[in-house]
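# Reading the structure
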Amino acid sequence: MITAVRKPMEEIIACVEPYDRILLVGCNECVSVCSAGGRKEVALLASALHMHFMKQGKTMDIREITLERQCDPEYVEELVTSVDGSDAILSMACGCGVQTIAARYREKPVFPAVNTTFMGASERQGVWSERCQGCGDCVLGITGGICPIARCSKRLMNGPCGGSTKGKCEIDANVDCAWQLIWDRLKALGLERRIEDIMEAKDWRTSRDGGPRKIIREDLAS
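Residues numbered from 1 in each chain as written. Predicted model: local features only at pLDDT ≥ 70, side-chain atom pairs only at ≥ 80, totals over all residues. Heavy atoms only, no water.

### Some remarks on the sheet that holds strand S7 (residues 127–132)
To summarise the sheet geometry, strands pair through backbone hydrogen bonds and adopt either a parallel or an antiparallel arrangement. Let me state the cut-off plainly: For two strands to be treated as a pair, DSSP must find at least two bridges joining them. Strands here mean DSSP runs of E at least two residues long; helices mean DSSP runs of H or I at least four residues long; both are numbered from the N terminus. Here an axis means a line fitted to C-alpha atoms, over the contact stretch when the element is a helix, while the angle between two N-to-C directions is reported on a 0 to 180 degree scale.
The strand order across the open sheet formed by three strands is S1-S6-S7, and the pairing between neighbours is antiparallel. Bordering the open sheet on either side are strand S1 (2–6) and S7, each of which pairs with just one other strand. Averaged over all pairs of adjacent strands, the angle between strand axes in this sheet comes to 70°, irrespective of strand direction. For S1 and strand S6 (residues 114–124), the ladder comprises five bridges, and the chain directions are antiparallel. Considered in S6, the bridge of alanine 4 is made with threonine 116.

So this is what it looks like as structure tokens:
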């Protein structure tokens, strides 16, 4: 799941202040689950903006709408009638949703209301931890289902560094060493010999930081 947190109010206010009519758009997917940009958060942000500008003596027209998904053009198309009466769009989706809206409604400025953080998994209610960095070449089948790229601070591919102490990472005594977790998991599976197999140097061209990528499913593409 993509996780996000709302931007500081000061930053959001600075973005929308020059405009009188704002379309505030939420997303009913990932950001809704992590309570950053769903219908409830849209209402709270709209209320906060109204109160701020009222104190400034300015009447702000803020229209609220929450799409099923902002990263799909078919849902973004639902904004057509609402966009016409707006000066700017404030999106509470992840960066994918913001860019999808900006690409569709090029005549309107689009601003993000949240900061996209990482792809994570839920540990417990209200707590998410980074688990994937979208490297494009998954090694979880080799490492016992624990990602050394997302969970090792140095993204090491063959065992822990010298800073690992008592199963903890050198960056923080509360952070588990990814390779200790991998070893424990492989041992529990009776696959500890696998730790001796050296993985080749990773081809980072498949990583999300290696430039834009596109996946095309011919059976779905139209």
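### A look at the sheet that holds strand S2 (residues 21–27)
Put simply, the test is: Here, two residues are considered to be in contact whenever any of their heavy atoms come within 4.5 Å of each other.
In spatial order, the strands read S3-S2-S4-S5; together these four strands make up an open sheet with parallel pairing. Only two strands of the sheet have a single partner each, and these edge strands are strand S3 (61–67) and strand S5 (110–112). Pairwise comparison of adjacent strand axes, ignoring direction, gives a mean angle of 25° for this sheet. In the sheet, strand S4 (residues 88–91) pairs with S5 via three bridges, with the strands oriented parallel. In the sheet register, leucine 90 faces S5, and the bridge partner there is phenylalanine 111. In the packing of helix H3 (residues 39–55) onto the sheet, contacts are made with S2, S3 and S4, and the angle to S3 comes to roughly 170°.

### A few points about unusual backbone geometry
A positive phi angle is found at serine 35, which is not glycine, with a value near 55°. Positive phi outside glycine occurs at arginine 155, with the angle close to 55°. As for its position among the elements, arginine 155 is in the loop between helix H7 (148–151) and helix H8 (178–188).

### Notes on the packing of aromatic side chains
So the rule is basically this: Between the rings of Phe, Tyr and Trp (Trp by its six-membered ring), a pair exists once the centres lie within 6.5 Å; its type follows the angle of the planes, with under 30 degrees stacked, over 60 edge-to-face, and the other angles tilted. The rule for a charge over a ring is simple: NZ of Lys or CZ of Arg within 6 Å of the ring centre, and within 35 degrees of the ring normal.
Using the criterion set out here, one finds one aromatic pair in the structure. Positioned above the aromatic ring of phenylalanine 53 is the side chain of lysine 58, whose terminal nitrogen or guanidinium carbon lies 5.3 Å from the ring centre.

### Looking at the nonpolar core
Rules: The term nonpolar core refers to a set of buried residues drawn from Ala, Val, Leu, Ile, Met, Phe, Trp, Tyr and Cys, joined through side-chain atoms within 4.5 Å. Buried residues are those whose accessible area, probed at 1.4 Å on protein chains only, stays under 20% of the maximum for their type, while exposed residues exceed 50% and partly exposed ones sit between those limits.
Grouped together as the largest cluster of nonpolar side chains are 25 residues, with contacts concentrated most on Leu24, Leu45, Leu49 and Leu90. Looking at which element gives the most residues to this core, the answer is H3, with five residues. Once residues lying within four places of it in the same chain are set aside, the contact partners of leucine 45 are Arg6, Met9, Ile12, Leu24, Leu90, Met92 and Ala113. Ile146, Ala150, Cys177 and Ile182 belong to the second largest nonpolar core, which has 12 residues in total.

### Examining the confidence of the model for the protein
Our working rule: Per-residue confidence from the prediction method is given by pLDDT, with values spanning 0 to 100.
Across the protein, the average pLDDT comes to 89, with 92% of residues at 70 or higher. Throughout residues 210–215 the model reports pLDDT below 50, and contacts reaching past four residues in sequence, or to other chains, amount to eight contacts.

### Digging into the side chain of lysine 108
Convention followed: When charges are counted, Lys and Arg contribute as positive and Asp and Glu as negative, whereas His and the chain ends are disregarded. Salt bridges, as used here, are contacts in which a Lys or Arg side-chain nitrogen is within 4 Å of a carboxyl oxygen on Asp or Glu. Polar contact is defined as a pair of N or O atoms within 3.5 Å, subject to the rule that within protein one atom must be able to donate a hydrogen and the other to accept it, and that residues adjacent in sequence are counted only when both atoms are side-chain atoms.
If you trace the backbone, lysine 108 turns up in the loop between helix H6 (95–104) and S5. Buried charged residue lysine 108 carries no salt bridge. Nearest counter-charge: aspartate 87, at 5.5 Å. From its side chain, lysine 108 meets the backbone oxygen of serine 86 in a polar contact 2.5 Å long. Every residue in contact with lysine 108, bar those within four places of it in the chain, is listed here: Val83, Asp84, Ser86, Asp87 and Ile89.

### Side note on the side chain of lysine 7
If you trace the backbone, lysine 7 turns up in the loop between S1 and helix H1 (9–16). On the accessibility criterion, lysine 7 (11% relative accessible area) is buried. Side-chain polar atoms of lysine 7 contact the side chain of asparagine 115, separated by 2.6 Å. Non-local contacts of lysine 7, meaning those with residues more than four positions away in its chain, are made with Ile12, Pro112, Ala113, Val114 and Asn115.

### Some details on the packing of H1 against H3
Rules: For this classification, under 35 degrees means roughly parallel, over 145 means roughly antiparallel, 65 to 115 means roughly perpendicular, and everything else is oblique. By convention the crossing between two helices is left-handed if the near helix lies anticlockwise of the far one by an angle smaller than a right angle, and right-handed if it lies clockwise. Residue polarity is assigned by list, with Asp, Glu, Lys and Arg as charged and Ala, Val, Leu, Ile, Met, Phe, Trp, Tyr, Cys and Pro as nonpolar; anything else, Gly included, falls into the polar class.
Here H1 crosses H3 at 70°, and the two axes come no closer than 11 Å. If you check the angle between H1 and H3, you find them roughly perpendicular. The crossing of H1 and H3 is right-handed. Here H1 contributes Met9, Ile12, Ile13 and Val16 to the contact with H3, which in turn contributes Leu45, Ala48, Leu49, His52 and Phe53. Residue composition of the contact of H1 with H3, by class: eight nonpolar, one polar and no charged.

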